[in-house]
Amino acid sequence: MTAQDIPKNDAASGHQPLDASKTRFTRSEILRPVPEPGSAELWAQNVCSDHMVTVRWTDTEGWEAPELKPFGDFTISPLASALHYATQCFEGMKVYRGHDGKLRLFRPLLNAQRLRMSAMRISLPDFDAAEMVKLIEKLMQVDGERWLPKDKPGNFLYLRPAMIGTGRQIGVQLPREAVMFIVAVAWPDFSCENPPGNPSPRKGLRLITSQEDSIRAWPGGFGYAKVGANYGPSFLFHGRAIKAGYDQILWLFGPNGQVTEAGASNFFAVMKDAATGQLELVTTPITDGIILDGVTRRSVLDLARSRLGDKLVVTEKAFNMSDLELAWEEGRLLEAFVSGTAFFITPVLAIQHKNRELDLSGNQDGLKLSFALQIKAWLRDITYGSDPHEWGFIIRESK
C-alpha cells in the first residue's frame, strides 16, 4: 500500500485544500544527535529528528503551502485559541525500519482519518487524510535514512501529527487560524524496555483502578477524540498511581464500575465463559463514545477474528470490574493486556482494585497460552516487513 492507493476526499468549496505537492523544503544546516538505544536521551522522549512539517490554515483562504523545514520552536500569540480553549488535537503513530531495509507506516490512513474527526470535534479545519499521509512520507524521505539507518533494522520513531488553533482571539468563538504540524521523536519501546538504571526487561504493567470521584470520559463527551482535554486532567491521577507503585490507571465508569481504558491504552481481557467454558477476548465497545477507536485495538480485533476464530470468540461488550473480579476468583481470567501506539501490546501483571490485588503474573511467565504475545508477534511481523501485509505502508526512499 502506498500514497497512491489512498482515496481522496473532496476539498471544501471555496478554500485551498491541503496539498502535499506544494510543499516547500528548507534543509537543516544543523544535524541533531541521534540518541543511542536505551539511553537517557531516548527515554526523555523529547529529542526530535532534524526536520518537521508545518501547514498554516485560515478561515478566509484555507490551507497554505506546507513547509518541510528544520525542527524548531513555534512563536504564537498569547491570545491563541489553543492556549485558552483547548482547540488542539493530535495523533500517535510510528515509522518502522523493517528487516528488509524498508521504511513502513502502519495503517496510516486510519490515524489521518481519526485526526480529521478529532479536529472537527473541536471546530478545527478539515483536510484530505491522504495528503497528511503524503506529508509524513515527505518528512521521512528526508529524515528516515539518518534516524532509522538501514544497517540498524528493527527500530522505530514516534510520529506526532497535531493541529492547534493559533488565531489571536480571546473571545469564545470558532478558531479562525490553525497550524498542522508533524514531528518525529526518538522513542523507547515501552512494551519490553525499562528506563536506564533498571536493566530488567519489562514483563508487563501493574494497573490500579480509578477512584469513584474521578472520571476520564462520559457519554456525550469527547472521550472518543484524541484531544488534549482528554489527557491533561488525568495527569493528576496518573502521578498518584506512579507514586503508589503502579504503571497506569484502569479507568472505570459509572456506579457499576464499567471497565473502559488503561491510561491512554485500550484494555482487553481473555476469560472463560462461566456457563459454556468458551474462551472470550473481551473489550469495551466504541459505540458509547467513551473510549478511543485505537488503530492497534482495531488491528487486534481484526487479527483475532481472522486468525484465532477456532480458539476464542471476540466480543465487544460492556463489562464491569466485578466481572473481572469474579472471573479471577473462579480461575476464568486467563490474561489481560493493553494495546496502543506507545505500549504496543503489553500484558497486565496485576490490577489493584480497592483493597485487593488481582495477580495475573502467573499467566505471563512460561506461558502455555498467551493470545497477547501471539497477536504482538503477528503485529511486529507486519510492522517490520516479515509479513508482507496490506497494513504495511511502504515509504518510497531515494536510492
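Here we summarise the structure given alongside this text. (Residues numbered from 1 in each chain as written. Predicted model: local features only at pLDDT ≥ 70, side-chain atom pairs only at ≥ 80, totals over all residues. Heavy atoms only, no water.)

**Regarding the packing of aromatic side chains**
Inference 1: The tally for this structure, following the rule as stated, stands at 13 aromatic pairs.
Inference 2: Here F268 and F337 contribute two aromatic rings whose centre-to-centre distance is 4.9 Å and whose plane-to-plane angle is 5°, an arrangement assigned as stacked. With F268 in strand β13 (residues 265-272) and F337 in strand β16 (residues 333-340), the pair connects residues that are 69 residues apart, well separated along the chain.
Inference 3: Following the ring pairs from residue to residue traces out a cluster consisting of W43, Y158, W187, F190 and F343.
Inference 4: Above the face of the F156 ring, K94 is positioned so that its terminal group lies 4.3 Å from the ring centre.
Inference 5: Over the face of the ring belonging to W378 we find R307, whose NZ or CZ atom lies 5.1 Å from the ring centre. (Phe/Tyr/Trp six-rings, centres within 6.5 Å; stacked < 30°, edge-to-face > 60°. Helix = DSSP H or I, 4+ residues; strand = E, 2+ residues; numbered from the N terminus. Lys NZ or Arg CZ within 6 Å of the ring centre and 35° of its normal.)

**Points about the pattern of salt bridges**
Inference 1: Throughout the structure, instances matching the rule amount to 22 salt bridges.
Inference 2: Put simply, R97 and E397 hold a salt bridge, and the shortest N to O gap is 2.8 Å. With a gap of 300 residues between them, R97 in strand β6 (residues 93-97) and E397 in the segment after β19 (392-395) connect regions that are remote in the sequence.
Inference 3: Accessibility expressed as a relative area gives 0% for R97, which makes it buried.
Inference 4: E261 is the partner of R216 in a salt bridge, and the nearest nitrogen-oxygen pair spans 3.2 Å. Taken as a pair, R216 in the loop between β10 (205-209) and α5 (235-243) and E261 in strand β12 (residues 258-262) lie far apart in primary sequence, 45 residues in all.
Inference 5: Members of the salt-bridge network, linked through shared partners, are R56, E64 and E177. (Salt bridge = Lys/Arg side-chain N within 4 Å of Asp/Glu carboxyl O. Buried < 20%, exposed > 50% of the residue type's maximum accessible area, 1.4 Å probe, protein only.)

**Brief notes about a nonpolar patch on the surface**
Inference 1: A cluster of nonpolar side chains, namely L79, Y85, I170 and V172, defines an oily patch on the protein surface of about 390 Å² accessible area.
Inference 2: Inspection of the secondary structure puts Y85 in helix α2 (residues 81-85).
Inference 3: With relative accessibility at 35%, the residue Y85 sits in the partly exposed group. (Patch = residues over 30% accessible without salt bridge, like charges linked within 9 Å, V, L, I, M, F, W, Y side chains within 5 Å. Areas by Shrake-Rupley, 256 points an atom, 1.4 Å probe, with all protein chains shown as cover.)

**A few points about the pairing of strand β18 (residues 356-359)**
Inference 1: Examined bridge by bridge, strand β17 (residues 344-353) and β18 share 4 bridges and lie antiparallel to one another. Its bridge partner lying in β18, I351 is registered against L358. (Pairing = 2+ DSSP bridges.)

**Thoughts on empty space enclosed by the protein**
Inference 1: According to the stated counting rule, one finds 2 cavities of 30 Å³ or more in the structure shown.
Inference 2: For the largest cavity, the full set of lining residues is G92, M93, K94, Y96, F106, N111, V295, T296, T341, F344, L379 and T383.
Inference 3: Listing elements by their share of the lining of the largest cavity, those giving two or more residues are β6, α6 (295-307) and α8 (371-383).
Inference 4: A per-class count over the lining of the largest cavity returns 6 nonpolar, 5 polar and 1 charged.
Inference 5: When its volume is computed, the second largest cavity comes out at roughly 70 Å³.
Inference 6: Lining the second largest cavity are K94, Y96, F156, D189, S191, F344, R380, T383 and Y384.
Inference 7: Counting residues per element, the ones that place at least two in the lining of the second largest cavity are β6 and α8.
Inference 8: For the lining of the second largest cavity, the per-class residue count stands at 4 nonpolar, 2 polar and 3 charged. (1 Å grid on protein atoms, 1.4 Å probe; cavity = no way out; pocket = protein on both sides within 12 Å on 5 of 7 lines; lining within 4 Å. Points joined across faces, edges and corners; volume = space filled by probe spheres on them. Nonpolar A, V, L, I, M, F, W, Y, C, P; charged D, E, K, R; others polar.)

**Focus: unusual backbone geometry**
Generally, phi is negative for residues other than glycine and the peptide bonds are trans, each holding for most cases.
Inference 1: The backbone phi angle of S123 is positive, close to 65°, even though this residue is not glycine.
Inference 2: Looking at where S123 falls in the secondary structure, it is placed in the loop between α3 (108-121) and α4 (129-147).
Inference 3: The exposure class of S123 is partly exposed, given its relative accessible area of 37%.
Inference 4: The phi dihedral of K354 is positive, around 55°, even though this residue is not glycine.

**Section: the layout of surface pockets**
Left-over empty space is what a probe sized like a water molecule reveals as it rolls over the atoms.
Inference 1: Within this model, the largest pocket holds a volume of roughly 1,000 Å³.
Inference 2: As for the largest pocket, its lining consists of 43 residues, of which F90, R160, Y231, A264 and A342 are closest to the centre.
Inference 3: Residue classes in the lining of the largest pocket are distributed as 19 nonpolar, 19 polar and 5 charged.
Inference 4: If you trace the second largest pocket, you find 22 residues lining it, with P35, P37, L42, N155 and F156 closest to the centre.
Inference 5: A per-element tally of the lining of the second largest pocket places strand β8 (residues 155-165) first, with 3 residues.

**A short note on the side chain of N111**
Inference 1: Along the chain, N111 turns up in helix α3.
Inference 2: Residue classification places N111 among the buried positions, given a relative accessible area of 3%.
Inference 3: Ignoring any residue separated from it by four or fewer positions in sequence, one finds N111 in contact with E91, G92, M93, F106 and V295. (Contact = heavy atoms within 4.5 Å.)

**Here we look at the environment of L174**
Inference 1: By secondary structure assignment, the location of L174 is in the loop between β8 and β9 (177-186).
Inference 2: With 23 residues separating them along the chain, L174 and D151 place their C-alpha atoms 48 Å apart.
Inference 3: Sequence-distant contacts of L174, defined by excluding residues within four places in its chain, comprise S123 and Q169.

**Looking at the environment of E29**
Inference 1: With respect to the helices, strands and loops of the structure, E29 is situated in the loop between β1 (24-25) and α1 (40-44).
Inference 2: Owing to a relative accessible area of 82%, E29 belongs among the exposed residues under this scheme.
Inference 3: When the C-alpha atoms of E29 and P70 are compared, they prove to be 8.0 Å apart, with 41 residues separating the residues in sequence.

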